[in-house]
Amino acid sequence: MEKLFLGIDIGSTTFKAVLLNGEGRVRHTLYQRTKPADTGRVRCTGICSGCGACNFGQLRQTVYQFLKDAGVDSLKSVTCTVVTGSQIVEDTKDFVPYDFRVSEVTAHVAGARHYYPDCKAILDVGGQDSKAMVFNDNMKMWNYKMSGICAAGTGAFLDSVAAKLNVPVSEMSDRANYDSDLEFSSVCAVLSATSINKFKNRFPLGDIIGGACRAQARTIMSGVGELFLGYKGDIVFQGGVAYNRAVAYYLRQITGNNIIIPEFHGVMGALGAACLALQFSSLKGKLSDADFRVAPSQKLDSVSLRAKATRSEFLGHGDQKPLVWRNLFFPAELLNALGVQTLTLETYAALFARSQHKVKKAFDHAACKGFSGETCSFLRVLEGVKLPTPSCVISTSQPCQQGERIFRDLARNYGIGDQVFSLHTPAAGGTDGSNLENLADDLERTVHRMEKATGCIMSMDRLAEACEYSNEARKYSYLCNHLRYDNIPLLPGRQAIYFATIFSQAWGTQALVEIQKRFYEELQQLAEQQPAGRKLSDTHRLLWLHLPPFYDTHILEQVEQKCKAPIVFEEVNFIGWEPLDPKDPYRSLARKILTTGFMDPDLRVKSIVEEGRKMKFNGCILYNHGFGRCSMSDSSFVKHLREELQKASVPLLVLDGDCVDTTVDPCSTETKISAYVEALNEQKYGNIFGPLKER
Ligand code: ADP
């Protein structure tokens, strides 16, 4: 009997299916728009009779009808089925049984390579997002970039233009005036589509359509084209939008590259999935079923100690000491030596994130004060909740300028506008030139101001002692880090990320020494217990940059558990500074601030690459809080980081999201993670599915 391989791609807008035979020849294809079921129900009973009344039933019916049209009696006659697409969910399997699920990125690459084995650049533009995929010769792997949360640069934009002009989207390219020089906004899809109202009664239809298609091409490039920078050659253009020849024409004009539109461009994701089904069936028995997952999240004493300390610091009632608001970057050693109670505002805001109900209320309050989504969500929470009033506020001018301004606004609201003391932290140059001396003087001046504001007096003996405690905690933290660098994953990164050691407000206290010491002992035990014969190279080794989301989310689990790619280390636990000199506390604390990493983007990139090398990383994920609006993950930093990581042959995955606000989580996060690990799998194991059994 002929072997058959089925690929199904359910996207935001259309359903695609491709049936391949054992020689990889296309037997049958389907491309059709999806629509909600008449009943409006997702599923009816859970036992599907295939009547098609609910959404899942309709899907099942579509697949069976597709097979019937291809002359195949049932899904049982198909050797292997692979699915892809943003609309595949856990339950899909109950209605359309499949063997494997892959990301759309990997499916599109497989589809393009089926017809163009030597292709190096692919662009897929669908109804909801666009994706660029480029083969990186240096890393020998496919790199990709997906567009963000805006509909600009996607089929949804063209659909809305077509609807406004009352022209079928399929006729747009025939009716476009290719010489039109009407300029649409390429900032936002909604704005852009409203340009139609402006043009409608003043310009010929062809000019408007031509302008819209040109805007579409430019927005695609501004969203994902960064990947094609410096690339000269053919770009395989696929996805539903490739039906629109005008967009292809403008893409050619803008990029200067030849644009190839494959015969089956509309169904290339499904075609790729079918090709992967073919590969999967030949690999099935050879894939390792060994549990390569990261160490189970064992209950560690140090974790409970840390949680207890956080609870008493932030949620306890305090002990009558004067309160000081601090930002994450001001050295806690000074506050602990001064004997004040500290509230690190960003950490306090993060603690709210677990209760989205409270976050919502805080955002409502902040909105009434005029703070929109443009303001960082950590800071919006602070604007929206009632904080305990402090004696003074201390901050740093870098790296979060918006934070410093909001702290000043809050201080004014709480009637202490003249008690904000901000260190002038330079954004570049590290400890060079006058940076160090100026900052040391500034620190000393700030302490005098705090003395006046709080009534506490700094004792130099206590400051020296705080430096000793800080050094002791640093020593254990350093040893912990190296144990983790040099071993198989000893604990899940999704647990360790929340330690955020460098931001702790306990630096300079005995409490932190004890937590880090206990953590070190526990890591030593874990290292001794590791199963014999396991090697560092058995698994991927990922480095997580910046913060994680603080609300309940599965994205870190998806990386570590589902995709079996351990997060071996986290940037927020780097120990990059030299021990403090208790005899010269201000200068050495100034040095600590300047060398912690986050302050100076160049230094930060350098330490990411250096520490990454020590932990033998093969992947790096940046959680892009605030979609690039945060100064700690803005576009220039990301570009610089990507370039330096490329030199180290480590691909960067940028996950757009928000640490506090769940509502702006783009739906492509799962796809991005899967695609990234699939590419790492291919590079490391020679196939996208995972490690092979040892021969
Ligand atoms: P998804 O995979 O996200 O479901 P597709 O890759 O199928 O989306 O792309 C859907 C988009 O393709 C539509 O929003 C529409 O703009 C465009 N499109 C679909 N069919 C045609 C066509 N015949 N002519 C021009 N554009 C089309």
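Residues numbered from 1 in each chain as written. Predicted model: local features only at pLDDT ≥ 70, side-chain atom pairs only at ≥ 80, totals over all residues. Heavy atoms only, no water.

**Some points on the environment of Tyr249**
In step 1: Of note, Tyr249 is situated in helix α8 (residues 245-255).
In step 2: Among the residues examined, Tyr249 registers a relative accessible area of 29% and is labelled partly exposed.
In step 3: Separated by 228 residues in the primary sequence, Tyr249 and Ser477 have C-alpha atoms spaced 56 Å apart. (Helix = DSSP H or I, 4+ residues; strand = E, 2+ residues; numbered from the N terminus. Buried < 20%, exposed > 50% of the residue type's maximum accessible area, 1.4 Å probe, protein only.)

**Describing the packing of aromatic side chains**
In step 1: Per the counting criterion, the structure on display carries 25 aromatic pairs.
In step 2: Between Phe199 and Phe203, the aromatic rings sit 5.7 Å apart at their centres with planes inclined by 85°, giving edge-to-face as the arrangement.
In step 3: Residue Phe199 is classed as buried on the basis of its relative accessible area of 6%.
In step 4: Accessibility expressed as a relative area gives 32% for Phe203, which makes it partly exposed.
In step 5: With centroids separated by 5.4 Å and ring planes inclined at 50°, the aromatic side chains of Phe503 and Phe598 adopt a geometry described as tilted. On the criterion of sequence distance, the pair formed by Phe503 in the loop between α18 (493-496) and α19 (510-529) and Phe598 in the loop between α21 (585-595) and α22 (601-614) is long-range, its members being 95 residues apart. Each of the two residues, Phe503 as well as Phe598, counts as buried.
In step 6: One aromatic cluster is present, built from ring pairs that chain together Phe100, Phe280 and Phe689. (Phe/Tyr/Trp six-rings, centres within 6.5 Å; stacked < 30°, edge-to-face > 60°.)

**Some details on the site of the ligand**
In step 1: Taken together, 19 residues are adjacent to the ligand, and Thr13, Thr14, Lys16, Tyr31 and Asp159 come closest.
In step 2: In the model, an oxygen atom of the ligand is placed 3.4 Å from a nitrogen or oxygen of the Val241 main chain.
In step 3: Here the ligand has 580 Å² of accessible area as a free molecule, and 89% of this is covered by the chains.
In step 4: When contributions to the shell around the ligand are tallied by element, the ones reaching two or more residues are β2 (14-21), β3 (26-33) and α4 (155-165).
In step 5: Of the residues that make up the shell around the ligand, three or more belong to each of domain 1 (4-101) and domain 2 (117-261). (Near = heavy atom within 4 Å. Polar contact = N/O pair within 3.5 Å; in protein donor to acceptor, adjacent residues only side chain to side chain. Areas by Shrake-Rupley, 256 points an atom, 1.4 Å probe, with all protein chains shown as cover. Domains from an automatic or database assignment.)

**Structural notes on the domain arrangement of the protein**
In step 1: Under the domain assignment used here, the protein contains domain 1 (4-101), domain 2 (117-261) and domain 3 (301-685).
In step 2: One C-alpha centre belongs to domain 2, the other to domain 3, and the line joining them spans 39 Å.
In step 3: Taken residue by residue, the interface counts 13 residues in domain 2 and 19 residues in domain 3.
In step 4: Summed over both partners, the interface of domain 2 with domain 3 comes to about 1400 Å²; 63% of that surface belongs to carbon and sulfur atoms.
In step 5: Put simply, domain 2 and domain 3 have 1 salt bridge between them.
In step 6: Two residues, Arg642 and Glu226, come together in a salt bridge whose shortest N-O distance is 3.3 Å. (Contact = heavy atoms within 4.5 Å. Buried area = accessible area lost by both parts, 1.4 Å probe. Salt bridge = Lys/Arg side-chain N within 4 Å of Asp/Glu carboxyl O.)

**Quick word on the environment of Gly628**
In step 1: Note on placement: Gly628 falls in the loop between β17 (619-625) and α23 (635-647).
In step 2: Owing to a relative accessible area of 25%, Gly628 belongs among the partly exposed residues under this scheme.
In step 3: Each C-alpha atom of the pair Gly628 and Thr539 lies 30 Å from the other, and the pair is 89 residues apart in sequence.
In step 4: Setting aside residues no more than four positions away along its own chain, Gly628 makes contact with Ser633 and Asp634.

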